[in-house]
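Chains, contacts and geometry: an overview
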Amino acid sequence: MGLRTRGDRMTEVFRRIFGANPEGVWAAPGRVNLIGEHTDYNDGFALPIAIPQHTLVAARRRQDGRLRLHSAQGDGPVIDLRVDRLAPGAVSTWGAYPAGVVWALREAGHPVGGADLHVDSTVPAGAGLSSSAALECAVAFAYNDLYGLDLSATALALIGQRAENAFAGVPCGAMDQLASACCTAGAALHLDIRAGAHQQIPFAPQGHGMSLLVVDTRVKHDLGDGAYAALRAGCEQAARLLGLAALRDLTPADLPRAATALPAHLVPLVRHVVTENARVTDAVSHLRAGRLAALGPILTDGHASLRDDFRISCAESDLVVDTALAHGALGARMTGGGFGGSVIVLAEEGRVEALGAAVTTAFRAAGYQAPHLFPVSPAAGARRIA
């Protein structure tokens, strides 16, 4: 079902729930990160793409200061909140993400009030594909238009990050929201977090006889459970001990010196961040030169680093990577914050069907729940669709 058709359906459901037509419908995509994991909160580099799965928000302003939220993914009642009473910790359900965006806009001094919001999403939750960022960006773009804020896509992405950090309590970097807000079709987004800059890098696997396959392991991850925060704290501690503003300031040549100056448990974290930044730089060089197949080994090296140095992979993710490589994939790695979620596989188009079947068979043999496999291509970022 296309976005336009989904938007029409959103309007019908909105009218049934709230008794009036919405003023518009906005869409924001999930994302796949090609390379550059856990580098954003270290002032580093990342290379995500937006995917065709979207979160849609139908919205209408209210004049009474109430924020009413409804989701098609649940059978619960409408969440009814007061905009002037929004505060971190006040909302514990999925509603914390849209409510957090409204709170963050008001905290930034923007004169926004209430709204009725109906949400529907095809971004799998807990799959490492940034369902929360897609929701935040869809709401931010809706509020931007409804209240005439005239904020840039980058500014709206940072509002979404602020909502997730301070309101929902997840200490993520800005990569997910920037990808959802700023990506373009047919390109990967080269992010330089410290500089606050991004560039569109052509990335069209199908034009090179390749496919990018997402394998959702069905192992749900929760970045708010403390493990993610502990990794970030470890990286920040290492930077302080080294006298650096962030681990971005280290190069691979600096690693031997850094290893002698740090407690042993911090060395693997530093090694991952430094080598991952280098992998992003290498990936961008290959893509600019049209060498898409060269991205494969970079993905695989990135997975090994996340598995061995950051220790955030899981048995299911490792099984996908090992099976895919054994059946001819050019490269594979877990994507997202870790602790479950999805794996991306770069393969020649002619190998995808057999490769997917092999992964499914391997999961069955291991006694795991069947994975969900689907190809993705770089999609456009958040926008109004109706």
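Residues numbered from 1 in each chain as written. Predicted model: local features only at pLDDT ≥ 70, side-chain atom pairs only at ≥ 80, totals over all residues. Heavy atoms only, no water.

1. Digging into helix H11 (residues 352–366)
For an α-helix, the turn length of 3.6 residues means that residues three or four places apart are oriented alike. End to end, H11 covers 21 Å across 15 residues, agreeing with the expected 21 Å (1.5 Å per residue, within 8%). All of the buried residues along H11 are Val 352, Leu 355, Gly 356, Ala 358, Val 359, Ala 362 and Phe 363. Taken end-on, H11 shows its buried residues confined to a sector of 160°, consistent with a single buried face. More than 90 degrees from the buried face of H11, the exposed residues found are Glu 353, Ala 354, Arg 364 and Ala 365. Immediately beyond the C-terminal end of H11, within one or two residues, lies Gly 367, with a positive phi of roughly 80°. (Helix = DSSP H or I, 4+ residues; strand = E, 2+ residues; numbered from the N terminus. Expected span 1.5 Å × (residues − 1). Buried < 20%, exposed > 50% of the residue type's maximum accessible area, 1.4 Å probe, protein only. Arc of directions from axis to C-beta.)

2. Some details on the pairing of strand S6 (residues 187–192)
Of all 6 residues in S6, 6 are buried, a share of seventy percent or more. Relative to S6, strand S2 (residues 45–62) is paired through 2 bridges, and the arrangement is antiparallel. Of the residues in S6, the one forming a bridge with Phe 45 is Asp 192. Where S6 lies against strand S7 (residues 197–202), 6 bridges are found, and the strand directions are antiparallel. Of the residues in S7, the one forming a bridge with Ala 187 is Pro 202. The hairpin turn running from S6 into S7, its antiparallel successor, is 4 residues long, and Gly 196 in that turn takes a positive phi close to 65°. (Pairing = 2+ DSSP bridges.)

3. Observations regarding the UniProt feature "domain: Galactokinase N-terminal" (unreviewed entry) in the chain
Cross-referencing UniProt, the feature "domain: Galactokinase N-terminal" (unreviewed entry) maps to residues 13–61 in the present numbering. The span residues 13–61 is 12% helix and 59% strand, and its two end C-alpha atoms sit 17 Å from each other. (UniProt positions renumbered as here; feature names shortened; annotations may be inferred.)

4. Considering the packing of aromatic side chains
In the structure shown here, the tally under the stated rule is 5 aromatic pairs. Measuring from centroid to centroid gives 4.8 Å for Phe 14 and Phe 18, while their planes differ by 55°, and the two rings are tilted. Here Phe 18 and Phe 14 lie together in helix H1 (residues 3–18), a separation of 4 residues that amounts to about one turn. You can call Phe 14 buried: its relative accessible area is 0%. Between Phe 363 and Tyr 368, the aromatic rings sit 5.5 Å apart at their centres with planes inclined by 75°, giving edge-to-face as the arrangement. Overall, the relative accessible area of 1% leaves Phe 363 in the buried class. Of the residues examined, Tyr 368 reaches a relative accessible area of 28% and is grouped as partly exposed. (Phe/Tyr/Trp six-rings, centres within 6.5 Å; stacked < 30°, edge-to-face > 60°.)

5. What to know about the UniProt feature "domain: GHMP kinase N-terminal" (unreviewed entry) in the chain
In this numbering, the UniProt entry assigns the feature "domain: GHMP kinase N-terminal" (unreviewed entry) to residues 97–182. Secondary structure over residues 97–182 splits into 58% helix and 9% strand, and the C-alpha atoms at its two ends are 19 Å apart.

6. Some words on unusual backbone geometry
The phi torsion at Ser 130 lies on the positive side, around 65°, for a residue other than glycine. Among the secondary structure elements, Ser 130 is positioned in the loop between strand S5 (114–121) and helix H3 (131–146). Residue Phe 339 is not a glycine yet carries a positive backbone phi of 65°. Tracing the backbone shows Phe 339 in the loop between strand S9 (331–335) and strand S10 (342–348).

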